[in-house]
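# A closer look at the structure
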Amino acid sequence: MAKVPKPSELELQHELPKTEWMDTPSVFKPGNFSYPGKAKNLKVLGLANPREWSPNDQDWKLPADWKNIVLEGLRERIDKYRTLKVFMDICVRCGACADKCHFYLGSGDPKNMPVLRAELLRSVYRKEFTLAGKIMGSMVGARDLTEDVIKEWFMYFFQCTECRRCSLFCPYGIDTAEFTIIGRELLNLIGCNIDWVVGPAANCYQTGNHLGIQPHAFKDMLEFFVDEIEAVNGIRIEPSFNRKGAEFLFVTPSGDVFADPGTYTLMGYLMLFHEIGLDYTWSTYASEGGNFGFFTSHEMMKRLNSKMYAEAKRLGVKSIIGGECGHMWRVINQYMDTVNGPADFLEVPKSPITGTTFHNAASTKMIHIVEFTADLIKNGKLKLDASRNDHLKVTYHDSCNTARGMGFFDEPRYVLNSVCNNFYEMPANTIREQTFCCGSGSGLNNDEFMEMRMRGGLPRANAVRHVNEKFGVNTLSCICAIDRAVLPTLMNYWVPDVSVYGLHELVGNAMVMEGETERTTDLRGEPLPGMEDNENEDI
Amino acid sequence: MGIKFSLVAVVGLILAAYIGVTAAGLSHFFGVSMPYLAMILFLGGFVYRVLKWGRAPVPFRIPTTGGQEKSLPWIKHAKFDNPSTKGQTFVRMALEVLLFRSLFRNTKFEIEKGHKLFYQWEKWLWLASLTFHYCFLVILLRHLRFFTEPVPFFVHGLEGLDGFLQVGLPGIYITDGLFILAVTYLIIRRLIIPQVRYISLPQDYFPLFLILGIGLTGILTRYVYKVDLIKVKTLTMGLISFHPVIPAGIGPIFFIHFALVCTLFAYFPFSKLMHAGGIFLSPTRNLPNDSRIKRHVNPWNYPVKVHSYAEYEDHFREKMVEAGLPVDKELEEAPSASAKP
Amino acid sequence: MAIEHHLLKHKEEISQKWFDLLTSIYAPEGVRLFKKESDEFANPVGHAFRTAIVEILDEFLGENRAETLAPLLDKVIRVRAVQTFSPSAALAFVFGLKAIAEEVLEEELSEGEASTGDLREFDRKVEGLGLLSFDVYTGCREKLFDIKIAEIKRNTRRLLERAQLIISE
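Just so it is clear, the model here is predicted, and its values are computed rather than measured. (Residues numbered from 1 in each chain as written. Chains lettered and ligands numbered in written order. Predicted model: local features only at pLDDT ≥ 70, side-chain atom pairs only at ≥ 80, totals over all residues. Heavy atoms only, no water.)

## Examining the overall build of chain C
The secondary structure content of chain C amounts to eight helices and zero strands. Going from the N terminus to the C terminus, chain C shows its helices and strands as α-α-α-α-α-α-α-α. Against the 2.2 N^0.38 benchmark of 15 Å for 169 residues, chain C shows a C-alpha radius of gyration of 20 Å, more extended than a compact globule. Across its three principal axes, chain C shows a C-alpha extent of roughly 75 × 35 × 25 Å. (Helix = DSSP H or I, 4+ residues; strand = E, 2+ residues; numbered from the N terminus. Rg over C-alpha atoms; globule rule 2.2 N^0.38 Å.)

Right under this line is the structure:
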């Protein structure tokens, strides 16, 4: 019988025994892992080894020849990706990346250092693919592929949000996200995935979007927002769906359709397009901008992304506009044209309002709504009353994917500065290319992973708290659907008096629309500055 | 474990060279065979590695963008942190290779101590690495005087610059001192920072000890044992003209230095030292961020199973018609659809 | 009050020891990270611990008001509450203050400037701090459950509202 430990014994429990990282097993505890993929979802996507299992189980029910499958998979990928091949060999373990990872900063767990996350895969590579590793084994950092290694991969490749902050600081540009993406691909070959990734991917594949909203319900939801907008400013908007011959197809993450506060951002899109009289259509088939396939494998990313071009072709639009989303835009910017192009049936996007041609999207033919709006504002095509956002003191969170996978910094800031009067930047080493992750990206935004998310999000929240205390910031704006879903939760825990807004919600608030009735509230139904006492006639 | 192993290996090499030359009469091996073998391994290995990397395709264009992308004309483009053309990418790579741009991003920090602000400089790793690599380069170039006749002007120039602090004879080279300092810093850092120590492998310590050994023995040959440079040059010139000769009386310290250098060259292509070649092939740095402007082709792109619109409409036709959504095939045209759930 | 007077003289030593104790629970590779003095944005956990500890000590050895101490303790405990520690391990550092006090007062005790009776009194005060920490910890954990539920609701609120399963305010 163990005695009740003294406080001093509790404090030191982690210090001993001290083991090398290869000998430290992964312990799955509630809060540090996500639930495994459900068999039915794996079946929809045709993924390997559908079964019921849990990471807590001793037996993961891997296929009999799992080791072969993984090693063959690794061999194939080393020959297919120069990133992987080069990154396997050139790391000098200088440690410059170590304290750049938000999970390491929040937990202190050394296996969350990017270099070690990569070594999890490299160690197996050395053993199987290098002569020195075969001969000298652990002396040169090589080790056998065992079930424990698979468990470790599962734990740590699903504790990385693919934010690429480490890659920015690496003197050789080694990108841990590549290890994570390919590590997850390997795990998928033997049926180890998390349900928060394969569930949405399966829905998206079958129904068109992550939540599995059926076409009629999708239309219904948007019409519901039309009513809400009318209640705010008396304007009746009539969006169209699956309409052939429209000039633009608009695709946004489905999170904006069903989850607050993304819904308000979506109202902003509707209002903007109505105000400028854009000839565009929504699609119920390509009703998902986000791509949880990207968190499964390159192939799954391609399978889900294919709908955008396919639908644009079917509807005969000229070009595509994409809504506010992070990883969606990494896929569009760095993968879409390569995997599903060429989009030779589309035209180089041109704003029908300002006449601006978007040469930076000459090949993909798809533009970001924020650059579209920035161009409208720059050309004076929108009537804006920034004072309507005066009740908000705003800061801006750069989402990792648009930051380090695109370089999308000044477009959103230009729009922000045009639609609100109180904008404050967070400290320099937490924004722009050095931005900290929300802690919940790459499919880790599930509720069972909450503790890990809260500590991973701490570096971001901490910077928000700083501007909250210093300038009284109460609004965290962003251009990412996952951010909109998870930052409210993060703020709720760390900086409770800060709310989260999508950029186009602020645009929707500030935009003075043709023929609108006097607004007394913002899109959330909160009174506008100066209207607080509207119901009391004495003021 | 890794430290001891690496240290023993380097000390072993030194002893082997010393005993080999002084007691076993292996001057020919250490003076001729070893350098030739090392050069073959170095050149062959280097080319093999680079070709092997180069053979792997670059399926996707995934640069890590470190600044504002090329966007609307009135938005200032960060050309060298987020290049959109080959020329800009060249500059980015040059900054990376020549100035270690990414490592330089480790910012300085502000610390508040009782209402006073302190700045902590976080660029020591950058400074030490840069010093180390440049000193290595200068030292390497200075050594050209052993392999050229007449010695090119720039080698004399370098020697002049490097040795302008003329203290006694022979003149002290600044790079020698800085080089030893920088290597020592890199070793100590690896030993005392727990995170870095935790991730360090024998192959991280070995080259550091080897290089430190090269530096120290080099200094010994010059300042302490004062090896006869004319004889050394006879040997080196013999090597590169493929008429090797071993002049008598060069002294074991030279052979130790030489053996360590040969080991470094031979070891180079099979180790992490290949980062020197790898950085040029790193797809997150050497590609422009232009994948929306130009199509990038993946050589192994293959067709995948997709869920087509037709399948989708078949699945949902009834509900779509009921909701007033346009369909490609009306209900009566596709009788089979109504059978579906 | 006398013992607090003595302890305040050793404030720096106490805060250093307490900080060491607080971080000793992490793996050494994490300890170094948290102990490293860097800016609060590059090292939020370490910074929070370091600043909070001094503030807690100031208040605890001074006025010792519960309403002031709770938010200060919260700075440390809010982090601990999401780091997969058992509640006992997360809060053990508070009780460590007893031993630290005895250690730093060695001289005063031997010279009779402070008595063991004083020390016992101080121990009881630390226990009070421990109980307060328990409240704070529980508050953080409850918050964690609340935000989980709030997130699930937020993610589907519009659908439920549309399906008229709930009524919008």
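Next comes the rest of the write-up.
## What to know about the side chain of Thr83 of chain A
All names here are of chain A. As for its placement among the helices and strands, Thr83 is situated in helix α4 (residues 82-90). Overall, the relative accessible area of 5% leaves Thr83 in the buried class. A polar contact is formed between the side chain of Thr83 and the side chain of Glu178, at a distance of 2.8 Å. (Buried < 20%, exposed > 50% of the residue type's maximum accessible area, 1.4 Å probe, protein only. Polar contact = N/O pair within 3.5 Å; in protein donor to acceptor, adjacent residues only side chain to side chain.)

## A short note on the pattern of salt bridges
Tallied over the entire structure, the rule returns 60 salt bridges over all chains. Connected through shared salt-bridge partners, Arg93, Glu119, Arg122 and Arg126 of chain A together with Arg190, Asp204 and Lys272 of chain B make up one network. (Salt bridge = Lys/Arg side-chain N within 4 Å of Asp/Glu carboxyl O.)

## A few points about the domain arrangement of chain A
Residue and element names in this part refer to chain A. You can read the domains of chain A as domain 1 (21-193) and domain 2 (201-510). The centre of domain 1, based on its C-alpha atoms, is set 30 Å off from the matching centre of domain 2. Every contact between the two is made by 35 residues of domain 1 and, on the other side, 36 residues of domain 2. Counting each side, the surface lost to burial between domain 1 and domain 2 is near 3000 Å², with a carbon and sulfur contribution of 59%. Among the residues of domain 1 in contact with domain 2, Leu45, Arg164 and Arg165 are the three that bury the most area, contributing 20% of the side total. For the pair domain 1 and domain 2, the number of links is zero salt bridges. Counting every contact that joins domain 1 to domain 2 gives 14 residue pairs in polar contact (both at pLDDT 80 or more). (Domains from an automatic or database assignment. Contact = heavy atoms within 4.5 Å. Buried area = accessible area lost by both parts, 1.4 Å probe.)

## What about the packing of helix α17 (residues 369-378) of chain A against helix α19 (residues 410-419) of chain A?
Residue and element names in this part refer to chain A. One way to put it is that α17 packs onto α19 with a least axis distance of 9 Å and a crossing angle of 50°. Judged by the inter-axis angle, α17 sits oblique to α19. Like other packed secondary-structure pairs, α17 and α19 cross with a definite hand, here left-handed. Facing Val370, Glu371, Thr373, Ala374, Ile377 and Lys378 of α17, the residues of α19 in contact are Glu411, Pro412, Tyr414, Val415 and Ser418. Here the contact of α17 with α19 is composed, by residue class, of six nonpolar, two polar and three charged. (Axes fitted to C-alpha atoms, helices over the stretch in contact; angles between N-to-C directions. Parallel < 35°, antiparallel > 145°, perpendicular 65-115°, else oblique. Left-handed = near helix turned anticlockwise from the far one by under 90°. Nonpolar A, V, L, I, M, F, W, Y, C, P; charged D, E, K, R; others polar.)

## With respect to the sheet that holds strand β2 (residues 280-282) of chain A
Residues and elements named next belong to chain A. The strand order across the open sheet built from four strands is β2-β1-β3-β4, with neighbouring strands paired in parallel fashion. Two strands close off the open sheet at either side, each with one partner strand: β2 and β4 (366-368). The sheet shows a mean angle of 30° between the axes of neighbouring strands, taken without regard to direction. Inspection of the sheet shows strand β1 (residues 248-251) paired to strand β3 (residues 319-322) by four bridges, in the parallel sense. Each bridged residue has a counterpart across the sheet, and for Leu249 the counterpart in β3 is Ile320. Sitting on the sheet, α17 touches β1, β3 and β4, and the angle it makes with β4 is about 70°. (Pairing = 2+ DSSP bridges.)

## Looking at helix α16 (residues 327-340) of chain A
All names here are of chain A. Between its first and last C-alpha, α16 extends only 17 Å over 14 residues, short of the 20 Å set by a 1.5 Å rise per residue. Along α16, the sharpest kink reaches roughly 50°, centred on Gln334. Within α16, 14 of the 14 residues are buried, which leaves it mostly tucked inside the rest of the structure. (Expected span 1.5 Å × (residues − 1). Bend = angle between axes of the 7 residues up to and from the residue.)

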